Amino acid sequence: MEHLKRTHRCGDLSRSQAGEMVGVTGWVHRSRDHGGLIFVDVRDRSGIVQAVFSPDVDGNTFNMAKELRSEYVVALEGRLDLRPEGRINAALETGEVEIYVDRCEILNPARTPPFPINENTEVEEALRLQYRYLDLRRQMLQKSIAFRHRVVKAVRDFYDSRGFYEIETPVLTRSTPEGARDYLVPSRVNPGRFYALPQSPQLFKQLLMVGGMERYFQVVRCFRDEDLRADRQPEFTQVDVEMAFVDMEDVIQGTEEMLQYVIHTTLGIDVPLPFPRITYDESMLRYGTDRPDRRYGMEIYDLAGVFQGTGFRVFQEALASGVVRGFRVKGGGRFSRRELDETVARAQDLGASGLLWFVFEDEQVRSPTVKFLSEGELGRLRAVLDAVPGDLGLVVAGPEGVVAPVLGSLRVEMAARLDLRREGLGFTWVTDFPLLEFSEEEGKYVSVHHPFTAPRDADLPALEGSPGLVRAKSYDVVLNGVELGGGSIRIHKRGVQEQVFRALGMGDEEAREKFGYLLDAFEYGTPPHGGIALGLDRMVMLLNGNDSIRDVIAFPKTAKASCLMTGAPSPVGERQLRELHLRLT
């Protein structure tokens, strides 16, 4: 018997095809037996259409419909009719039509799924990941994966129109640990040697600039062995871009135009350009983080001037070697004492030695600390925070490296607690990052971005004597409080690159062993160049309104970097280990 053929997709059927014979294939979404008629919703990737089985059309087909269960794979053929006026389903794209079925074929039956496919019910994530092939059939993920496709296509279309080449870079490369841990791949034909999966194509895209490619982009897979969270995966996708003969303004402008194009193409939203900018130092002061969400205000203020010469010992000691900073929570004065005590405990959990709170009333300020402060100090605090009756002031004192992130975290948590409106797309550029920062754990300076970032020309003389003061030609683009991407102008001269390596504690021999090919390339006419890498998973997550990148990745890993569906990572046999010259201990 000849199988039934698809002539139309389920979601494409409309009143314009009424009266035609149509063939559809898909999954049984739900079935309803009304006695004289059986109604079956059939679903494919494009949508859902209602099929009607009637004994008056074909008795055998009607009896077959009684066997259909959720997720059976079927092929149907019949006449497309307009629904009667009272049975139109306005909630369905195909709600004006239905198929009167005269032939049906069960292409494959299905067991009862472990969770409903045809309902948007909450399902435990572990179960969803174990049966990801079923989870992918659900409407939410179908829409997310389709949206991801449109974003990627828009990215490619934009860069193609601007004269960029999409060029693949190696997946098996050399281990050059300077950030997260590498994923290592043992070499069978080179015993005792290992490849590394790339954390990014950083060196290769710079070498493409040396190679005269001038404009490169790639939608590329990257791998980092690091602790995971909602916006991290061990394997992830970047939109990777590099250009020759550019400065920071060129890269920033091009990135803004790309994001504007992608958002207009996929969401129909016009994002105004240019995006606002803020320096790293300003961002840490005003928002306590280098990825600020600026949509709801609540800025942090330096309160050194308010408490200069204070008699309060806590502020005296803090100002001697650190900072006193705080912010206003509009309407936060309504919090109960228990809620305020919980906020103090939360600040301590984040690393602060304590948190001081001030409730501003009509004529006075209510706080356990008020007895230690003068009327003048309380008046200046009210003025600097621009507080009105009913507002709450939160103040932290101590080392700047502790105070800034504690207040930054509290600011975000207060916005969530007060359910402040945070709609829209809030882009911000953060610039002028430090080139290096001192790591107490490693006892040396480490790169804030990566060791190939160019220092500011004016700061170059400080690289050997005061490396912590050197600023970088780097920039991050932030969307709604999430770092969407980061980039920099790169070092393109061997002497400068060697200086940076030395500032990182890397001797000439080590630098030669790890990066000799890059240093050599810099001696053959390397052009000035720079670029950026944006997290595609994060971009899709934010634009699509998801809370986790796992909801926009077809087959994600868990927080322990495992795949519940396939069982990866898994043990391997002794024979494979021997071939790779490995032995487990």
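Look a little higher up for the structure.
Summary of the structure given here.

## Things to note about the overall build of the protein chain
Along its length, the protein chain carries 16 helices and 22 strands. When the backbone C-alpha atoms are referred to their principal axes, the protein chain occupies close to 95 × 75 × 55 Å. Across the 585 residues of the protein chain, 48% fall into the buried class. Counting contacts in the protein chain only where the partners sit at least 6 residues apart, residues at least 24 apart contribute 67% of the total. Carbon and sulfur atoms provide 49% of the accessible area of the protein chain, an area that totals close to 29300 Å². Within the protein chain, the 87 negative side-chain charges are centred at a point lying 3 Å from the centre of the 73 positive side-chain charges.

## Topic: the packing of helix α13 (residues 494-503) against helix α14 (residues 508-521)
Relative orientation of the contacting elements α13 and α14 amounts to 150°, with a least axis distance of 11 Å. Classified by the angle between their axes, α13 and α14 sit roughly antiparallel to one another. For the element pair α13 and α14, the recorded crossing hand is right-handed. Taken together, the residues of α14 that come into contact with α13 (itself represented by Arg494, Gln497, Glu498, Phe501 and Arg502) are Asp508, Ala511, Arg512, Phe515, Leu518, Leu519 and Asp520.

## Side note on the packing of aromatic side chains
Taken as a whole, this structure holds 15 aromatic pairs when the rule is applied. Grouped by ring-pair contacts, the aromatic residues Phe158, Tyr159, Phe164, Phe217 and Tyr261 constitute a single cluster. Over the face of the ring belonging to phenylalanine 335 we find arginine 417, whose NZ or CZ atom lies 4.9 Å from the ring centre.

## Describing the sheet that holds strand β9 (residues 215-223)
Strand order in the open sheet made by the eight strands is β6-β9-β10-β22-β21-β20-β17-β11, with mixed pairing throughout. Looking at which strands have only one partner, the edges of the open sheet turn out to be β6 (165-166) and β11 (277-279).

## Points about unusual backbone geometry
The linkage connecting leucine 273 with the following residue, proline 274, adopts the cis geometry, with an omega of -5°. Within the secondary structure, proline 274 sits in the loop between α6 (248-267) and β11. The omega angle of the peptide bond from alanine 568 to proline 569 is 0°, so this bond is cis rather than trans. Residue position: proline 569 is located in the loop between α15 (536-544) and α16 (574-579). Look at glutamate 214: it is not a glycine, yet its phi comes out positive at around 65°.

## So, the nonpolar core
Counting 42 residues, the largest nonpolar core has Tyr159, Leu259, Phe427, Val477, Leu484 and Leu534 as the members making the most contacts within it. Apart from residues lying up to four places away in sequence, leucine 259 is in contact with Phe275, Phe427, Val477, Leu484, Leu534 and Met539.

## As for the packing of helix α4 (residues 139-161) against α15
Taken N-terminus to C-terminus, the directions of α4 and α15 make an angle of 120°; their axes are 10 Å apart at the nearest point. In terms of orientation, α4 lies oblique with respect to α15. Here the hand of the crossing between α4 and α15 comes out right-handed. The residues of α15 that touch α4, namely those facing Ser144, Phe147, Arg148, Val151 and Val152, are Leu536, Asp537, Met539, Val540, Leu543 and Asn544. Tallied by class, residues from the contact of α4 with α15 come to seven nonpolar, two polar and two charged.

## Observations regarding the environment of glutamine 202
With respect to the element layout, glutamine 202 can be found in helix α5 (residues 202-210). Through-space distance from the C-alpha of glutamine 202 to that of threonine 169 is 9.8 Å; in sequence the pair is 33 residues apart. Once residues within four sequence positions are removed from consideration, glutamine 202 is found in contact with His450, Phe452 and Arg490.

## Focus on the side chain of arginine 286
Examined against the element boundaries, arginine 286 turns out to sit in helix α7 (residues 280-287). With a relative accessible area of 18%, arginine 286 lands in the buried category. In terms of polar contacts, arginine 286 uses its side chain to reach the side chain of glutamate 282, at 2.3 Å. Within the local environment of arginine 286, its side chain forms a polar contact with the side chain of tyrosine 287, the two groups lying 3.2 Å apart. The contact partners of arginine 286, leaving out residues within four places of it in the chain, are Ile278, Arg294, Glu299 and Ile300.

## Let's talk about the pairing of strand β19 (residues 444-447)
Where a strand is regular, its side chains alternate between the two sheet faces. Relative to β19, strand β18 (residues 436-439) runs antiparallel, the two sharing four bridges. Residue pairing across strands places leucine 436 opposite serine 447, the latter belonging to β19. Here β18 folds back onto β19, and the loop between the two strands holds four residues, one of which, glycine 443, carries a positive phi near 70°.

Criteria and cut-off values
- Residues numbered from 1 in each chain as written.
- Predicted model: local features only at pLDDT ≥ 70, side-chain atom pairs only at ≥ 80, totals over all residues.
- Heavy atoms only, no water.
- Helix = DSSP H or I, 4+ residues; strand = E, 2+ residues; numbered from the N terminus.
- Buried < 20%, exposed > 50% of the residue type's maximum accessible area, 1.4 Å probe, protein only.
- Contact = heavy atoms within 4.5 Å.
- Areas by Shrake-Rupley, 256 points an atom, 1.4 Å probe, with all protein chains shown as cover.
- Lys, Arg positive; Asp, Glu negative; His and termini not counted.
- Charge placed at Lys NZ, Arg CZ, Asp CG, Glu CD.
- Axes fitted to C-alpha atoms, helices over the stretch in contact; angles between N-to-C directions.
- Parallel < 35°, antiparallel > 145°, perpendicular 65-115°, else oblique.
- Left-handed = near helix turned anticlockwise from the far one by under 90°.
- Phe/Tyr/Trp six-rings, centres within 6.5 Å; stacked < 30°, edge-to-face > 60°.
- Lys NZ or Arg CZ within 6 Å of the ring centre and 35° of its normal.
- Pairing = 2+ DSSP bridges.
- Core = buried A, V, L, I, M, F, W, Y, C linked by side-chain atoms within 4.5 Å.
- Nonpolar A, V, L, I, M, F, W, Y, C, P; charged D, E, K, R; others polar.
- Polar contact = N/O pair within 3.5 Å; in protein donor to acceptor, adjacent residues only side chain to side chain.

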